[in-house]
Amino acid sequence: MNSIAKPSLFRGIGIGETAVYGKIRFIGEKKPAPERKSRGAAAEKREFDAALTQARAETSALYRKTLAAAGKEAASIFEIHEMLLCDPDFIDLVHSGISKGLSAPDAVREAGESLAGIFEGLEDEYLSARAADMRDISSRVCSIITGGEDEREGDGSPEIIVCRDLTPGDTVKLDTERVAGFVTFAGSVNSHTAILARAMDIPALIRAEEFGPELDGAPAILDAQAASLSVNPTPEEMLKLAESLQRREAERSRLRTLAALPAVTKSGRRIALYANIGSTAEAEAAYRAGAEGIGLFRSEFLFIGRDDLPGEEEQFEAYRDVASLFADRAGPVVIRTLDIGADKSLPALRLDAEENPALGMRGIRLCLSRPELFRTQIRAILRASAYGKTAIMLPMITCSDEIARTKRIISEEKNRLRFEEVAFDESIGLGIMIETPAAAIMAHELARECDFFSVGTNDLFQYTLAADRQNHRLAYLEEGGVEPVMRLIKLASEGIHSAGEDKWLGICGEMAADVKLTETLLAAGADELSVSPPYLSRIKDRVRGID
Ligand code: PEP
Ligand code: MG
């Protein structure tokens, strides 16, 4: 138990929006496993191989569980774990440790640490984040061999988990009944752990100021919005939290009643509120949360994390399932065509290496250079359009020629389907993403070529500020960057709305999910907002509060 009852405040980066109370549970210093001598190389290797098989089976079960609960993006973590569990370097290192006389658990720990150290030393943030995954899988294999770690019994109070870095595997296994939130001293906003925390709606504080295990068991308030952890909170803070919890509970039940209501401002302006998804599982969550349509189906998530490419039939089935599910909703299912390139790689395409991939062959540029890949997807979307209102959206557009070339392809594929007597929606809409300053500036002209627009603020931000969206060292540009991006949105909106009354503008980047920006986005002319399913009711509530 903690011996210090002094109130203290620790700051970090907040993930999520809520404040929670709980007792600190320090899981940073794991108890060392009992010493174990080698029982001979052959026996230790057998034990390791059996544990490896079990770990792979468990990981594949975790993959399926996460896929069903949180979609493909979140589940991809366990695909990485499966890959690491099959990594010949890892297996060879363990075998060689065992041959040198180590017990299987010691050899696994040593190999895991040594490979994690190599990952940590890599410049690339994505690859260096794999160190946590390496430690996760080696500790899983170890605990299988040693019979698992002791699980400390809680006293029933909510807990705030504190540790150096929570692995994605630990995160998905968190018992959300008991764990109110978590704090890590490491981590980054783009890590898989942060993505999972958002999808699971667990508030977190990452890169927190460090403190030691002497605070284990101390009461604390984790406030994700204020980006702070208050340990041994004062009676005033507790009172404030109790009031805010009461308000939050009342608000949650009010938000639940909003699911069936329209997103309309007090002055009567109707906003289309749609969802961002990457899988059919997420489509179901969006439907339950009352989304009126799908504003962004990131189709590349059907392609990423596999060795082959999904064919027309497989794509058609996924698009059809979402289109049929939303057939009774007012809005369309907007399927964005493949957005590969930059940070989203697809080894099966064997792309040429580029010096500046974010400025290279990504999104529509890549699709137009691979007509067969593009035509397959277009056909699958056209066929799905027979099952519910569907629209096609093109990523990374910079000029009208890209839209004109795509329209020729769509028209040819339509002709082919007509000839084959395959049903599709003749009036299927075509939209483009505004992700480049060029598209925002030229929106009026581009509006002659398409029906609607959606601003990808994540990319529009990085291309406007010339700041890689994955690079956490550029986070200081975030606040000041909002204004230039807003001005571009306003410029685009004026261009689009003056081009025709039926043209509409949506926002589907992360800015759409920020309640602080809702009013400004609507004032800039947004007709539609598209956010990930857990954010739908909060945004609807905000819209309904705007005069
Ligand atoms: C965006 O760029 O804002 C967007 C929605 O697309 P993605 O995040 O998939 O690049
Ligand atoms: Mg984008």
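Bear in mind that the values here come from a model prediction, so they are computed numbers and not experimental data.

Draft legend 1. Structural view of the nonpolar core. Core analysis: the largest hydrophobic core is formed by 81 residues, its most contacted members being Ile294, Tyr319, Ile434, Phe453, Ile489 and Leu529. At seven residues, the largest contribution of residues to this core is made by helix H13 (residues 371–384). Residue contacts for Ile434: discarding those within four places in its chain leaves Ala439, Ala440, Ala443, Phe453, Ser454, Val455, Gly456, Leu460, Ala492, Ile496 and Leu505. Counting 25 residues, the second-largest nonpolar core is a separate cluster that includes Ala51, Leu52, Leu85 and Ile137.

Draft legend 2. Looking closely at the coordination of the magnesium ion (ligand 2). Coordination of the magnesium ion (ligand 2) by the protein comes from Glu435 (OE) and Asp459 (OD), over a distance range of 2.0 Å. A residue pair is termed long-range when its members are at least 10 positions apart, and Glu435 in the loop between strand S13 (429–434) and helix H15 (437–441) and Asp459 in helix H17 (residues 457–465) qualify at 24 residues. For Asp459, a relative accessible area of 3% puts it in the buried group.

Draft legend 3. Expanded view of the side chain of Ser299. Relative to the assigned elements, Ser299 resides in the loop between strand S10 (294–298) and helix H11 (312–325). For Ser299, a relative accessible area of 0% corresponds to the buried category. Within the structure, the side chain of Ser299 is placed 3.4 Å from the backbone nitrogen of Leu338, a separation counted as a polar contact.

Draft legend 4. Broad picture of the side chain of Glu413. Structurally, Glu413 is set in helix H14 (residues 400–419). Among the polar contacts made by the side chain of Glu413, one reaches the side chain of Arg375 at a distance of 2.8 Å. If near-sequence neighbours (up to four positions away) are discounted, Glu413 is found in contact with Arg375, Ile378, Arg379 and Leu382.

Draft legend 5. The environment of Gly121, seen in detail. Position of Gly121 relative to the elements: it lies in the loop between helix H4 (104–120) and helix H5 (125–128). Residues Gly121 and Leu102 lie 19 residues apart in sequence; the distance between their C-alpha atoms is 26 Å.

Draft legend 6. Local environment of H4. Here H4 spans 24 Å end to end across 17 residues, near enough to the 24 Å set by a 1.5 Å rise per residue. Among the residues of H4, those classed as buried are Ala104, Pro105, Ala107, Val108, Ala111, Gly112, Leu115, Ala116 and Phe119. Summarising the axial view, the buried residues of H4 lie within an arc of 160°, below the 170-degree limit, and thus occupy one face.

Draft legend 7. Looking closely at H13. The end-to-end C-alpha separation of H13 is 20 Å, in line with the 20 Å expected for 14 residues at 1.5 Å each. Taken across its 14 residues, H13 has 12 buried, putting it largely inside the fold. Of all the residues in H13, the buried ones are Leu373, Phe374, Arg375, Thr376, Gln377, Ile378, Arg379, Ala380, Ile381, Leu382, Arg383 and Ala384. Looking at the packing, one finds that the buried side of H13 touches H11, strand S11 (333–336), helix H12 (364–369), strand S12 (390–394) and H14.

The rules behind each value
Residues numbered from 1 in each chain as written. Chains lettered and ligands numbered in written order. Predicted model: local features only at pLDDT ≥ 70, side-chain atom pairs only at ≥ 80, totals over all residues. Heavy atoms only, no water. Core = buried A, V, L, I, M, F, W, Y, C linked by side-chain atoms within 4.5 Å. Buried < 20%, exposed > 50% of the residue type's maximum accessible area, 1.4 Å probe, protein only. Helix = DSSP H or I, 4+ residues; strand = E, 2+ residues; numbered from the N terminus. Contact = heavy atoms within 4.5 Å. Donors = N, O, S within 2.8 Å, 3.2 Å for Na, K, Ca; no water. Polar contact = N/O pair within 3.5 Å; in protein donor to acceptor, adjacent residues only side chain to side chain. Expected span 1.5 Å × (residues − 1). Arc of directions from axis to C-beta.

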